[in-house]
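Architecture at a glance
Next come the chains, spelled out residue by residue.
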Amino acid sequence: MEMKTKCIKCGYESENNLEKFRTPLCNICFRFAPSTEEKFKEYVSEKIDGNLLETFRKFSEIGNLQKKGMIKKASQGSPMSRPPFGYKFENRRLIPSQNFREIEEIFEEFLTTNISLTKLAKKHNLSVNGLKKILTNFTYIGKIKFNNQIHEGSHQPIISSTLFNHVQNKLERLGIKRK
Ligand SMILES: [Zn+2]
């Protein structure tokens, strides 16, 4: 009978029986594991939420993703570490949360009015930085930005690409976002 083992780094359970330095790992964490024991210890001590790796787990061609970018991004807690506002994790999938419509409202309001970022942020209980992150987050159109590349995600978009692109143009026009 196959036994499931739990990846020490991300908690993902699988039957792949991969291990390094006698430590069970999932296929992704295995792939990115350093080859010296010292570095390896450091590597496994930095935990990653297995949910975050879900999008990438399905890419068997994980070689396309550069190792450093992935590990850094995931452990820094940048956009990948928590579900973005408007989404939640359910059964390891990113799905729209109850407040998902608020995202569209924010995009619409930014695009169609002259409200300042500060006021718009306040209105939605966000920091200005948090608001900027939302307005430039590709997750909302069903994509995943990883290692500075845009990948097609497997989750449901919550705003249209048209709205998103218009907002990007306005952000650039106002000098809020660099081209
Ligand atoms: Zn893992």
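Rules used throughout
Residues numbered from 1 in each chain as written. Predicted model: local features only at pLDDT ≥ 70, side-chain atom pairs only at ≥ 80, totals over all residues. Heavy atoms only, no water. Helix = DSSP H or I, 4+ residues; strand = E, 2+ residues; numbered from the N terminus. Buried < 20%, exposed > 50% of the residue type's maximum accessible area, 1.4 Å probe, protein only. Areas by Shrake-Rupley, 256 points an atom, 1.4 Å probe, with all protein chains shown as cover. Donors = N, O, S within 2.8 Å, 3.2 Å for Na, K, Ca; no water. Tetrahedral: all angles 85-135°; square planar, octahedral: opposite > 155°, others 65-115°. Salt bridge = Lys/Arg side-chain N within 4 Å of Asp/Glu carboxyl O. pLDDT = per-residue confidence, 0-100. Contact = heavy atoms within 4.5 Å. Axes fitted to C-alpha atoms, helices over the stretch in contact; angles between N-to-C directions. Parallel < 35°, antiparallel > 145°, perpendicular 65-115°, else oblique. Left-handed = near helix turned anticlockwise from the far one by under 90°. Nonpolar A, V, L, I, M, F, W, Y, C, P; charged D, E, K, R; others polar.

What follows is about the overall build of the protein. Helix and strand counts for the protein come out as eight helices and eight strands. Taking all 179 residues of the protein together, 39% fall into the buried category. Of the roughly 11,100 Å² of accessible surface on the protein, a fraction of 47% belongs to carbon and sulfur atoms.

Okay, the coordination of the zinc ion next. Summarising the metal site, the zinc ion is bound by the protein donors C7 (SG), C10 (SG), C26 (SG) and C29 (SG), whose distances to it range over 2.3 to 2.4 Å. For the zinc ion, the four donor atoms in the first shell make angles of 102 to 117° at the metal, so the coordination geometry reads as tetrahedral. Coordination of the zinc ion draws on donor residues from a single chain, spaced C-x2-C-x15-C-x2-C in sequence. Within this pair, whereas C7 is found in the loop between β1 (5–6) and β2 (13–14), its partner C26 is found in the loop between β4 (23–25) and α1 (27–31), the two being separated by 19 residues in sequence. With respect to class, C7 is no different from C26; both count as buried.

Applying the stated rule across the entire model yields one salt bridge. For the salt bridge of K123 with E109, the shortest nitrogen-to-oxygen distance reads 2.7 Å. Of this pair, K123 sits in helix α6 (residues 117–123) while E109 sits in helix α5 (residues 100–112), and the two are 14 residues apart along the sequence. Looking at E109, the relative accessible area reads 17%, which means it is buried.

Do not read the fine detail of predicted coordinates wherever pLDDT is low. Counting all residues, the mean pLDDT for the protein is 81, and 79% of those residues have values of 70 or more. Taken as a whole, residues 60–64 scores under 50 in pLDDT and shows six contacts with residues more than four places along the chain or in a different chain.

Think of two packed helices as two axes; the pair is described by the angle between the axes and how far apart they sit. Two elements in contact, α5 and helix α8 (residues 161–173), have axes separated by 10 Å at closest approach and are oriented at 45°. With respect to α8, the axis of α5 lies oblique. You can see that α5 and α8 cross each other, and the crossing is left-handed. Each of E104, F107, E108, F110 and L111 in α5 lies in contact with α8, whose residues at this interface are L163, F164, H166, V167, Q168, K170 and L171. The residue makeup of the contact of α5 with α8, split by class, is seven nonpolar, two polar and three charged.

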